[in-house]
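Results of the structural survey
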Amino acid sequence: MMDTQFHVEVAEQFNLTPEQEEHALRVLTVPTFDKLRYDLCPKRMSDSRFWFVYFMMWEQQKASLCKGDQVTMLRQLMRDIVSIKDEAVKGLQPHVRSGRIPRAKLWTTITGCNLYLAEDPHFFQEALAGADTSNVLSYTDGGFRETDHPFKAEAELESFKLLLSLTQQSINNVHRKFLPDFAALLVSSVTTEQALTILHLVLCCSSDRFFPCTEETESIFLLKFHNQVREQFPVLYTKMGFLGINLNQLASTWFDRLFVGTLKYKTILPIIDCFLYEGWTVLECTALSILFCSSQSLLSTNTKEEFENNLFNLPEIVHTAKFLNILHSYLEGGTPVIQQPLPLPTSSPEFLFEPSVYPSALVTESQFLQLWSWIPPPIKIMTPKLIYTSKLDGFNLTHLYHVCKDRAPLLLLLRSAEKNIFGAYIADELHIQPHFYGTGESFLFTLYPTSVKYAFTNKNRYCLLVEKDSLAIGSGGQSSGFGLFLDSELHHGSTQHCDTFDNVPLNAGKPDFECMEIEVVGLYD
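Residues numbered from 1 in each chain as written. Predicted model: local features only at pLDDT ≥ 70, side-chain atom pairs only at ≥ 80, totals over all residues. Heavy atoms only, no water.

In this section: the nonpolar core. Ranked by size, the top nonpolar core spans 80 residues in total, and within it F182, F211 and F255 carry the most contacts. Here the element with the most residues in this core is helix α17 (residues 265-278); it accounts for nine residues. Setting aside chain neighbours within four positions, we find F211 in contact with H175, F178, F182, V202, L203, F221, L258, F275, W280 and L283. In terms of nonpolar packing, the next biggest core, distinct from the first, is built from 33 residues, V403, L410, C498 and I518 among them. (Core = buried A, V, L, I, M, F, W, Y, C linked by side-chain atoms within 4.5 Å. Buried < 20%, exposed > 50% of the residue type's maximum accessible area, 1.4 Å probe, protein only. Helix = DSSP H or I, 4+ residues; strand = E, 2+ residues; numbered from the N terminus. Contact = heavy atoms within 4.5 Å.)

Moving on to empty space enclosed by the protein. Inspection of the entire model under this criterion finds two cavities of 30 Å³ or more. For the second largest cavity, the calculated volume is near 40 Å³. In this structure, the second largest cavity is lined by F178, E218, F221, L222, S252, F255, D256 and W280. Listing elements by their share of the lining of the second largest cavity, those giving two or more residues are α14 (215-232) and α16 (247-256). Per-class residue counts for the lining of the second largest cavity are five nonpolar, one polar and two charged. (1 Å grid on protein atoms, 1.4 Å probe; cavity = no way out; pocket = protein on both sides within 12 Å on 5 of 7 lines; lining within 4 Å. Points joined across faces, edges and corners; volume = space filled by probe spheres on them. Nonpolar A, V, L, I, M, F, W, Y, C, P; charged D, E, K, R; others polar.)

On to the pattern of salt bridges, then. Under the counting rule described, the total for this entry stands at seven salt bridges. One salt bridge in this structure joins E284 and K224, with 3.4 Å as the shortest N-O distance. Taken as a pair, E284 in helix α18 (residues 281-299) and K224 in helix α14 lie far apart in primary sequence, 60 residues in all. Look at K224 and you get partly exposed, because its relative accessible area is 43%. R415 is the partner of E517 in a salt bridge, and the nearest nitrogen-oxygen pair spans 3.0 Å. You can see E517 sitting in strand β10 (residues 512-524) and its partner R415 sitting in strand β2 (residues 410-416), a full 102 residues away along the chain. Look at R415 and you get partly exposed, because its relative accessible area is 26%. Here the salt bridges do not stand alone but share partners, grouping K177, E218 and D256 into one network. (Salt bridge = Lys/Arg side-chain N within 4 Å of Asp/Glu carboxyl O.)

Structure below.
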């Protein structure tokens, strides 16, 4: 593949000439090319950037080819652009399937919602201004029930109804049956603006990737699933025919409602994680996973009513972790096996985990990036925000507790009189308690004069001791001291070796220190 990286990075805006526009309309009649563009834009790159890459490579290659080789050239261009796409998403799939990334940030990233709103920040307001929000078509068709969705408040229900009124006129009849449950799932995790944008991208701009666009395509999807069941569950398939079970009708019920009312809600949400990244195939694999989990109990039934009751009781018999392991096996194209939960990969896709801002004035950007590389991968998708600084808030532990109330995780940064910089990643909320508590995700670190992370050792559970007049992190060992200790004035502290983190004294080996500056950085979804 030719070297196009520099050009791709600088081509934020690219206006087509009339000749290029005519050419673009012609090549978009090629179905595979049209699908490729939908796969890439706007999720992987902007539409402007896509056409810049295309025409740049077109001009570079066409000079060496005769007119009869234009089909060959088009295929090569598609392979080159696909290579750009594959490199951009390399390593992302395991993170999506892990189920440990904050859902709002995940959904808005993998659907292209963030990029779309950045390019069109007035999209939501323009949609509000141009829509009749007084009329909402019936959304109870197809089995939808409000009680199937845990709307947290009346405001969330109103947000759901607003989404229906803004979207119902811009989608086709095939998509309309998917809308109620899909919209309700979205408002459970993202804002109304983000939910509307995702609906627009998924229902209006993604061809058949997520949902069938026509009744003909829907029939093809159902036929494919029908054949998969016949091949993978021949005995169960015969049993269903004997009992008079309409497989297509059953599948339509599952697909139309995105399995709401069939599976537990906490199982459906990670399925939607995968669906928004991988598309319709996730729904097919979910249905196959249901049959895999319940095949033994279904084979023991003797009547149609008994068969359907067994399916209705799926939330009680399907364990979430087990079910998701089976689903992941199907998505990988293999035979389902019961595995341990999918581990989060150690490497992180850069565009997801690069911090959006560097909020600290106490450390340099490179030091903050070093610290950022140490925090758990699921947390790196969050946005860091400076919530406490001694320059503005003074040195007061009580005030620090107040500012940090109900917030976790936290980054605690200190600069001593010796100009050493060190601190702690605190994974748990700060609650005043007479005993140690906390998880093994917390750790101690130094950033200057050396950069070292001191991870949890599992030798004891002395992670946090939050008292009214002091804060201690880590303890145990021959020193009988704390890994990091701060007094009520946040002015004097100590640091000693502790078994919890197996650290050396953080202040360049000196046990006592005077705190000259302190910052607390909160991490937000």
